[in-house]
Amino acid sequence: SDQTLEAVFKNQDQLKELKKLGMSSAIIVPLVVNDSVLGAITLVASESKRKFSTFDLTLAEDIGRRAGLAIDKSLLYERERHAREQAENANNSKSTFLANMSHEIRTPLNALIGFNELLRSDSLCRDERAEYHNIIQRNGELLLHLIDDILDLSKVEAGHLALETVQISLMDLLSEIKSYKTAKATAKGLKFIMEVADNVPDGFVTDPHRLKQILFNIIG
């Protein structure tokens, strides 16, 4: 009856279509996947005026179970495919990261070895020795930061990365970056020019290591 239809079907468009069919009998079976109802299959008898039986209901329930199983397998395959893609992307990211780190580590190492060899010379004046010591110190600190970056990768994945908040001199930080990047640019036949606007304050509260990382990456 129309009263029964209106009690069962709340969607007005669907209700309108079913009334037009002049249905004489209907079976609705749920599509159940892992105790969750994803939808339903509706079987309708109209022109034939057939009345569905208990046997028809058993058959419809079997169809619902089979359809639910097929959907479950499809969803499982999609989840596995997505997990594989994520794993592949993570491996690619790690490979790229380690390749970049391998390249970056060589730069301060070469500087450490090269300037250490230069310090063996007896012809160096005091100022030259002091400058070479400063260069070795800066490249040693850079190498330490690069190693920290590699260790931080595992921390980021585990969600344990902590940030510092300390007062720094921006000009000192930029000067250090300029000194290092100028040497790299010169080695490639490039000029490295850094200009700071007059209204940029010198005092900042930030994580100097992270800020340095960001600027190194952008400039690099």
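What you see is a predicted model, and the numbers here were worked out from it, not measured in a lab.

A. Looking closely at the nonpolar core. Counting 12 residues, the largest nonpolar core is built from Met101, Ile105, Leu142, Leu143, Leu146, Ile168, Leu170, Leu173, Leu174, Ile177, Tyr180 and Phe216. Within the residue set of this core, elements represented by two or more residues are α3 (54-118), α4 (126-158) and α5 (170-187). The dominant element in this core, judged by the number of residues it contributes, is α5, at five residues. When residues no more than four places from it in sequence are discounted, the contact partners of Leu146 are Met101, Glu104, Ile105 and Pro108. Judged by nonpolar contacts, the second largest core, of five residues, contains Phe9, Leu15, Leu18 and Met23.

B. Spatial organisation of the environment of Leu57. Within the fold, Leu57 resides in helix α3. Spatially, the C-alpha atom of Leu57 lies 8.7 Å from that of Ile28, the residues being 29 residues apart in sequence.

C. Expanded view of the packing of α5 against helix α6 (residues 208-219). Interaxial distance between α5 and α6 falls to 11 Å at its minimum, and their mutual angle equals 40°. The orientation of α5 with respect to α6, classified from their angle, is oblique. The handedness of the crossing between α5 and α6 comes out as right-handed. Residues Leu170, Leu173, Leu174, Glu176, Ile177, Tyr180 and Lys181 of α5 lie in contact with α6, whose contacting residues are Pro208, Leu211, Lys212, Leu215, Phe216 and Ile219. Across the contact of α5 with α6, the residue classes tally to 10 nonpolar, no polar and three charged.

What counts and what doesn't
- Residues numbered from 1 in each chain as written.
- Predicted model: local features only at pLDDT ≥ 70, side-chain atom pairs only at ≥ 80, totals over all residues.
- Heavy atoms only, no water.
- Core = buried A, V, L, I, M, F, W, Y, C linked by side-chain atoms within 4.5 Å.
- Buried < 20%, exposed > 50% of the residue type's maximum accessible area, 1.4 Å probe, protein only.
- Helix = DSSP H or I, 4+ residues; strand = E, 2+ residues; numbered from the N terminus.
- Contact = heavy atoms within 4.5 Å.
- Axes fitted to C-alpha atoms, helices over the stretch in contact; angles between N-to-C directions.
- Parallel < 35°, antiparallel > 145°, perpendicular 65-115°, else oblique.
- Left-handed = near helix turned anticlockwise from the far one by under 90°.
- Nonpolar A, V, L, I, M, F, W, Y, C, P; charged D, E, K, R; others polar.

None of the figures reported here should be taken as evidence of function without further support.
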